[in-house]
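# Close look at the chain arrangement
Each chain, letter by letter, is given below.
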Amino acid sequence: MQIHKYDTVIVGAGGAGMRAAIEATKRSRTAVLTKLYPTRSHTGAAQGGMAAALANVEEDNWEWHTFDTIKGGDYLVDQDAAEILAKEAIDSVLDLEKMGLPFNRTPEGRIDQRRFGGHSRNHGEAPVRRSCYAADRTGHMILQTLYQNCVKQGVEFFNEFYVLDLLLNEVDGQRRTAGVVALELATGELHVFRAKAVVFASGGNGKFYKVTSNAHTLTGDGQAAAWRRGLPLEDMEFFQFHPTGIWRMGILLTEGARGEGGILRNKDGERFMEKYAPVMKDLASRDVVSRSIYTEIREGRGCGPEGDHVYLDLTHLPPEQLDAKLPDITEFARTYLGIEPYTDPIPIQPTAHYAMGGIPTNVQGEVLANNTDVVPGLYAAGEVACVSVHGANRLGTNSLLDINVFGRRAGIAAAEYASRAEFVELPEAPEKFVADEVARMRESTGSERVTEIRKDLQETMDRNAMVFRTEQTLKEALEDITALRRRYRNVSIQDKGRRFNTDLLEALELGNLLELAEVLVVSALARKESRGGHYREDYPHRDDVNFMRHTMAYREVDSEGNESIRLDYKPVVQTRYQPMERKY
Ligand SMILES: Cc1cc2nc3c(=O)[nH]c(=O)nc-3n(C[C@H](O)[C@H](O)[C@H](O)COP(=O)(O)OP(=O)(O)OC[C@H]3O[C@@H](n4cnc5c(N)ncnc54)[C@H](O)[C@@H]3O)c2cc1C
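Residues numbered from 1 in each chain as written. Predicted model: local features only at pLDDT ≥ 70, side-chain atom pairs only at ≥ 80, totals over all residues. Heavy atoms only, no water.

Looking at an unreviewed UniProt entry, one finds the protein chain named Succinate dehydrogenase flavoprotein subunit, with Streptomyces hoynatensis as its source organism. Under Subcellular location (unreviewed entry), UniProt gives the following word-for-word description of the protein chain: "Membrane". (UniProt positions renumbered as here; feature names shortened; annotations may be inferred.)

## Section: the overall build of the protein chain
Helix and strand counts for the protein chain stand at 16 helices and 20 strands. A compact globule built from 584 residues should have a C-alpha radius of gyration of about 25 Å, and the protein chain, at 23 Å, falls within 12% of that. Dimensions of the protein chain, computed from the C-alpha atoms along their principal axes, are close to 65 × 50 × 50 Å. Out of the 584 residues in the protein chain, the part that is buried amounts to 62%. For the protein chain, the exposed surface amounts to about 21100 Å²; the carbon and sulfur share of it is 46%. Charge separation in the protein chain, taken as the distance between the mean sites of 72 positive and 86 negative side-chain charges, equals 1 Å. (Helix = DSSP H or I, 4+ residues; strand = E, 2+ residues; numbered from the N terminus. Rg over C-alpha atoms; globule rule 2.2 N^0.38 Å. Buried < 20%, exposed > 50% of the residue type's maximum accessible area, 1.4 Å probe, protein only. Areas by Shrake-Rupley, 256 points an atom, 1.4 Å probe, with all protein chains shown as cover. Lys, Arg positive; Asp, Glu negative; His and termini not counted. Charge placed at Lys NZ, Arg CZ, Asp CG, Glu CD.)

## Some thoughts on the environment of Gly307
Looking at where Gly307 falls in the secondary structure, it is placed in the loop between α8 (286-298) and β13 (310-313). Residues in contact with Gly307, not counting those within four places in the same chain, are Ile297 and Gly302. (Contact = heavy atoms within 4.5 Å.)

## A look at the side chain of Lys570
The topology assignment puts Lys570 in strand β20 (residues 563-571). By relative accessible area, which is 9% here, Lys570 ends up buried. Contacts of Lys570, omitting those with residues within four sequence positions, involve Asp78, Glu234, Leu368, Asn371, Arg549, His550 and Met552.

## A word on the packing of helix α14 (residues 471-488) against helix α15 (residues 502-526)
Contact geometry for α14 and α15: axes closest at 10 Å, N-to-C directions at 155 degrees. On the basis of their axis angle, the class for α14 and α15 is roughly antiparallel. Along this stretch, α14 crosses α15, giving a crossing that reads as left-handed. Residues Glu471, Leu474, Lys475, Ala477, Leu478, Ile481, Leu484, Arg485 and Tyr488 of α14 pack against Ala507, Leu508, Leu510, Gly511, Leu514, Glu515, Ala517, Glu518, Val521, Val522, Ala524 and Leu525 of α15. (Axes fitted to C-alpha atoms, helices over the stretch in contact; angles between N-to-C directions. Parallel < 35°, antiparallel > 145°, perpendicular 65-115°, else oblique. Left-handed = near helix turned anticlockwise from the far one by under 90°.)

## Some details on the packing of helix α1 (residues 15-27) against helix α4 (residues 138-153)
Two elements in contact, α1 and α4, have axes separated by 9 Å at closest approach and are oriented at 25 degrees. Considered as vectors, α1 and α4 are oriented roughly parallel to each other. Between α1 and α4 lies a crossing whose hand is left-handed. On the side of α1, the interface is formed by Gly15, Met18, Arg19, Ala21, Ile22, Thr25 and Lys26, while α4 contributes Leu143, Leu146, Tyr147, Asn149, Cys150 and Gln153.

## Observations concerning the sheet that holds strand β4 (residues 113-121)
In space, the three strands of this open sheet follow the order β3-β5-β4, with antiparallel pairing throughout. Two strands in the sheet have a free side with no partner beyond their single neighbour: β3 (50-51) and β4. Bridge analysis of β3 against strand β5 (residues 126-132) gives two bridges, and the strand direction is antiparallel. What sits directly across from Met50, in β5, is Cys132. (Pairing = 2+ DSSP bridges.)

## Thoughts on the domain arrangement of the protein chain
If you check the domain split of the protein chain, you get domain 1 (244-353) and domain 2 (432-540). Between the C-alpha centres of domain 1 and domain 2 the distance comes to 30 Å. Across the domain 1/domain 2 interface, buried area totals approximately 580 Å², and carbon plus sulfur atoms make up 66% of it. Together, Arg291, Tyr294 and Arg298 form the three largest contributors to the area buried by domain 1 at its contact with domain 2, with a combined 77%. (Domains from an automatic or database assignment. Buried area = accessible area lost by both parts, 1.4 Å probe.)

## Considering the site of the ligand
If you check the shell around the ligand, you find 39 residues, and the closest are Ser41, His42, Thr43, Glu383 and Leu400. Take Lys35: an N or O atom from its main chain is 3.0 Å from a nitrogen atom of the ligand. Separating an oxygen atom of the ligand from a backbone N or O atom of His42 is a distance of 3.5 Å. A total of 1000 Å² of accessible area belongs to the ligand in isolation, and the protein chains cover 97% of it. Counting residues per element, the shell around the ligand draws most heavily on helix α11 (residues 398-420), which supplies four residues. (Near = heavy atom within 4 Å. Polar contact = N/O pair within 3.5 Å; in protein donor to acceptor, adjacent residues only side chain to side chain.)

Next up, the structure:
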């Protein structure tokens with residue numbers, strides 16, 4: 001086992017991690033640990049754009065953006081955080097431009113902007129063009145730009161290092177950050193990284209669903225590491241389903257397609273969103289559009305022999321516009337479906353997309369140990385975190401923004417903390433938890449297989465904890481997950497080797513997904529209302545009296561080692577906006 005020592009350690013090299021690294025490296029000795037090569041992070045898959053009220057193409061201002069974000073999140077958004085997000089958006093985009101990001105331009109040479117769901121002029125009057133974009137490869141461009149700037153600044157990367165544990169130790173009765181434990185893929189060796197400050201920027205956890213836009217690697221490792229160390233997870237019941245995934249495959253077709261004028265149609269060719277959202281139509285918020293699609297399907301207006309999808313119609317848009325603004329997704333339709341989007345509508349269905357919940361933080365990125373106290377030295381930013389700027393439903397283009405605004409803030413705060421704090425002693429045998437887990441997996445002769453348990457997990461989640469939920473479906477999901485967790489104890493892997501043992505890592509990732517799925521379902525069962533992405537058919541209305549509050553889930557272990565989940569709640573921060581009924 002090797003021991004390393006850095007002031008600041010950042011876990012993850014997606015947009016949030018690299019934006020944090022650019023700041024932290026200027027201020028402290030920093031290492032970035034990442035299980036993927038930085039430019040393979042999921043940020044690179046983001047297509048449609050990044051929101052900022054630049055007002056380059058039509059009237060706009062950051063206050064409207066704040067309002068849309070809060071309304072989009074069904075009033076579960078912490079309003080102070082949303083104000084920061086919208087206000088700092090403008091500089092965030094300009095920072096990226098200065099770093100060299102090739103945004104699409106208007107004929108006059110300014111950054112071009114397009115429409116996106118839920119973004120409106122003057123508090124919902126009409127759609128507004130707020131999303132800055134680089135064709136339908138915005139995330140790819142952000143990731144490449146940040147990586148180039150990291151290289152320029154000499155950021156130290158440890159690529160293909162899997163962080164498997166968070167180290168905390170008690171100082172004067174308070175738990176503080178001591179570092180992390182990582183497994184090096186190439187050698188199978190364990191590394192302990194001592195650090196004064198640790199920033200989790202390890203991304204989402206959408207792989208517990210089957211039909212998902214998420215990469216294979218989005219397994220919630222950061223959330224699970226914090227969870228196992230007794231830290232809370234906030235609002236995990238809120239998971240976003242993006243309306244337009246490729247039918248049965250879940251591969252994303254950006255909302256930018258509707259931003260450019262694309263229309264959703266049912267089997268009768270009807271533009272059905274006019275019924276559900278008379279003003280914003282196809283550009284209503286994602287939770288609204290996804291529910292509308294399933295309502296069409298359930299009421300017998302779905303397309304195809306099984307009536308299980310609807311169409312995204314781009315055929316009325318000029319081919320030149322599709323080629324210039326949506327080249328990748330039109331190519332996806334050709335490659336994966338054999339469909340020519342110039343002339344034929346594309347079969348789509350909602351796809352699991354984004355975790356609104358995660359590790360709770362304040363607006364500096366400091367991780368909360370409970371409703372009031374922070375964990376000194378621990379930070380989180382990006383999809384792993386919950387600030388909460390997305391509340392119960394994230395608006396499209398607000399996540400690329402979130403990772404830039406709060407990645408930057410967390411990087412600065414962590415490095416400043418590291419420059420004034422002392423190293424915390426490592427706990428005794430710091431690598432023990434990981435070493436034991438790895439040994440257990442390697443030596444197990446159990447009959448269960450990772451792929452089978454993962455498939456069963458994804459099936460129950462898709463069936464029972466998706467766009468529509470009831471007490472009964474959630475209870476079924478919980479029973480299934482409990483049984484799967486039991487089976488998981490008996491899992492074994494084929495590859496017993498040390499080098500490049502991806503079998504082993506997939507097994508550990510599955511353990512994370514199982515734990516997080518359970519938190520999602522338990523939190524969802526307790527929330528007896530419908531709000532944003534969490535829709536309970538047995539409680540179809542929002543209930544501000546009882547549920548205008550964030551869920552805080554904690555893992556508890558009794559003296560016999562039995563685990564349970566305890567739920568607590570945290571007030572929502574309100575500044576200027578009173579909750580209203582949400583209409584689009
Ligand atoms: C297909 C798709 C399209 C999208 N389009 C848009 C869009 O147009 N606009 C928008 O705003 N949002 C979009 N989103 C959402 C947005 O892209 C993501 O929420 C955001 O990029 C997440 O960034 P991140 O830095 O938090 O995580 P990621 O980019 O996922 O990076 C996570 C990093 O953590 C590392 N990591 C994970 N686990 C470990 C571990 N155990 N040890 C070490 N390292 C680890 C990984 O190696 C990776 O570097 C899209 C998402 C998807 C899936």
